[in-house]
Amino acid sequence: MSARTTTPTSRASVRPRRTALLGAAVTTLALLAVAGCSASADTSSGAATPSTASGSASEGTAADHLTATDPWIKAAESGMTAAFAVLHNDGDQDVTVVGATSDLSPVQIHEMATDDSGAMVMREKEGGLTIPAGGEHALEPGGDHLMLMELSSPVEPGAEYEVTLELSDGSTLVVTAPARTFAGAKEDYDEGHEGHDMSHDG
Ligand SMILES: [Cu+2]
């Protein structure tokens, strides 16, 4: 697998109906385009290297060094939604998230990009998410995110949902994300369906 070509494989590009968000996200995108596409995808047959614990901090699996702060998932009744968090790596080696699963839906790792016409699109992120050693990587609206492709049941505001991150060494990290409504990316949200108990100013 060659991870160095940046040709826009428009395999899973979906055009989000979030026009209001786009302007604000363009600057983020420029950074992502530079920083995000250097995935060194060495996920090949990784079973054979039991990392010798030379340093005291390098024991255990990749998941042992990964934490997620501020996780949340965007409430939605059906269709697609997205989950976000800031991922921190306190280890001395990069950690790569190669996939994610959820009971709610098939999950893809998405990034934002510009297509040929300059429009913002989201697409599957080749090579997964790399969290640098000692660093962090934010999943946020307008940037990289976990896309829940086809909800089998509603994501209700205030409830909590688990998303499992799959790391390149085979370890996993379960992230519990509370659901909340997100005004910035309102899709076809059918209000008045049930009284929402969160007070709302807008
Ligand atoms: Cu997406």
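See the structure printed just above.
For every chain, the first residue of its written sequence is number 1, and the numbers climb from 1 along that sequence. In view of the model being predicted, local features appear only for residues whose pLDDT reaches at least 70, and side-chain atom pairs are presented and counted only at 80 or more, with totals across whole chains, interfaces and linings using the full set of residues. In computing side-chain properties, one takes all heavy atoms of the structure into account and sets aside hydrogens as well as water.

Asks: Provide a residue-level description of the overall build of the protein, including the pertinent values.
Replies: Check the secondary structure of the protein and you find one helix and 10 strands. Going along the chain from the N terminus, every DSSP run of H or I of four or more residues is numbered as a helix, and every run of E of two or more is numbered as a strand. Seen in sequence order, the protein has helices and strands lined up from the N terminus as α-β-β-β-β-β-β-β-β-β-β. Among the 202 residues that make up the protein, the fraction classed as buried is 37%. The criterion used for residue contact is that any of the two residues' heavy atoms lie within 4.5 Å. Put simply, of all contacts in the protein between residues at least 6 apart along the chain, 69% involve residues at least 24 apart. Within the structure as shown, the protein displays about 11,600 Å² of accessible surface, and the carbon and sulfur contribution to it stands at 50%. Buried, partly exposed and exposed residues are distinguished by accessible area as a fraction of the type maximum, computed with a 1.4 Å probe on protein chains only: under 20%, between the cut-offs, and over 50%, respectively. Here the Shrake-Rupley method, with its probe set to 1.4 Å, supplies the accessible areas, and only the displayed protein chains count as covering residues.

Asks: Any chance you could break down the side chain of D144 for me, citing the residues and the numbers?
Replies: Within the secondary structure, D144 sits in the loop between β7 (136-139) and β8 (145-148). There is a polar contact of 3.4 Å between the side chain of D144 and the side chain of K125. Under the rule applied, a polar contact is a pair of N or O atoms within 3.5 Å (in protein, one hydrogen donor and one hydrogen acceptor; residues adjacent in sequence only if both atoms are side-chain atoms).

Asks: Can you explain the coordination of the copper ion? Please cite residues and give values.
Replies: Each metal site is built from N, O and S donor atoms within 2.8 Å (3.2 Å for Na, K and Ca), and since water is not included, such sites may look incomplete. Protein coordination at the copper ion comes from H110 (ND1), M122 (SD), H145 (NE2) and M147 (SD), with a distance range of 2.1 to 2.2 Å. For the copper ion, the four donor atoms in the first shell make angles of 100 to 117° at the metal, so the coordination geometry reads as tetrahedral. Along the chain, the residues that donate to the copper ion are spaced as H-x11-M-x22-H-x1-M. With M122 in strand β5 (residues 120-124) and H145 in strand β8, the pair connects residues that are 23 residues apart, well separated along the chain. Of the residues examined, M122 reaches a relative accessible area of 3% and is grouped as buried. Tetrahedral means four donors with every angle between 85 and 135 degrees, whereas square planar (four donors) and octahedral (six donors) require angles over 155 degrees between opposite donors and between 65 and 115 for all others; sites fitting neither are termed irregular.

Asks: Run through the pairing of strand β9 (residues 160-167), naming residues and quoting values.
Replies: Every other side chain in a regular strand lies on the same face of the sheet, so the side chains alternate between the two faces. As paired elements, strand β3 (residues 95-101) and β9 share four bridges and run antiparallel to each other. The partner of T101 across the bridge, within β9, is T164. Strand pairing is assigned whenever DSSP identifies at least 2 bridges connecting the two strands. Two elements, β9 and strand β10 (residues 172-180), share seven bridges in a ladder whose sense is antiparallel. In the strand pairing of β10, E166 is matched with T172.

Asks: An account of unusual backbone geometry is requested, with residue identities and associated values reported.
Replies: The backbone of D70 shows a phi angle near 50°, a positive value even though the residue is not glycine. Following the sequence through the fold, D70 ends up in strand β1 (residues 66-74).

Asks: Describe the pattern of salt bridges, with residues and values.
Replies: A pair is scored as a salt bridge if a Lys or Arg side-chain nitrogen falls within 4 Å of a carboxyl oxygen belonging to Asp or Glu. Scanning the entire structure with this criterion turns up three salt bridges. It is possible to trace a salt-bridge network through shared partners that takes in E111, R123, K125 and D144.

Asks: Which residues make up the pairing of β10, and what values do they have?
Replies: Judged by which residues are buried, β10 turns out to be one-sided: L173, V175, A177 and A179 face inward and are buried, whereas T172, V174, T176, P178 and R180, on the alternate face, are not. With two bridges joining them, β1 and β10 adopt parallel strand pairing. Residue pairing across strands places I73 opposite A179, the latter belonging to β10. Here β9 folds back onto β10, and the loop between the two strands holds four residues, one of which, G170, carries a positive phi near 95°.

Asks: Explain the nonpolar core residue by residue, including any values.
Replies: Throughout, nonpolar core names a set of buried Ala, Val, Leu, Ile, Met, Phe, Trp, Tyr and Cys residues whose side chains join them through atoms within 4.5 Å. In terms of nonpolar packing, the biggest core is built from 32 residues, with L66, I73, L87, V97, L146, L165 and L167 touching the most fellow members. Taken together, the elements giving at least two residues each to this core come down to β1, β2 (81-89), β3, β4 (107-114), β6 (129-131), β8, β9 and β10. Other than its neighbours up to four places away in sequence, L167 contacts A62, A63, L66, V95, T96, V97 and V98.

Asks: Please provide a residue-by-residue account of the environment of E150, values included.
Replies: Structurally, E150 is set in the loop between β8 and β9. Overall, the relative accessible area of 52% leaves E150 in the exposed class. Spatially, the C-alpha atom of E150 lies 6.5 Å from that of P106, the residues being 44 residues apart in sequence. When near neighbours in sequence (up to four residues on either side) are disregarded, E150 contacts G79, L104, S105 and P106.

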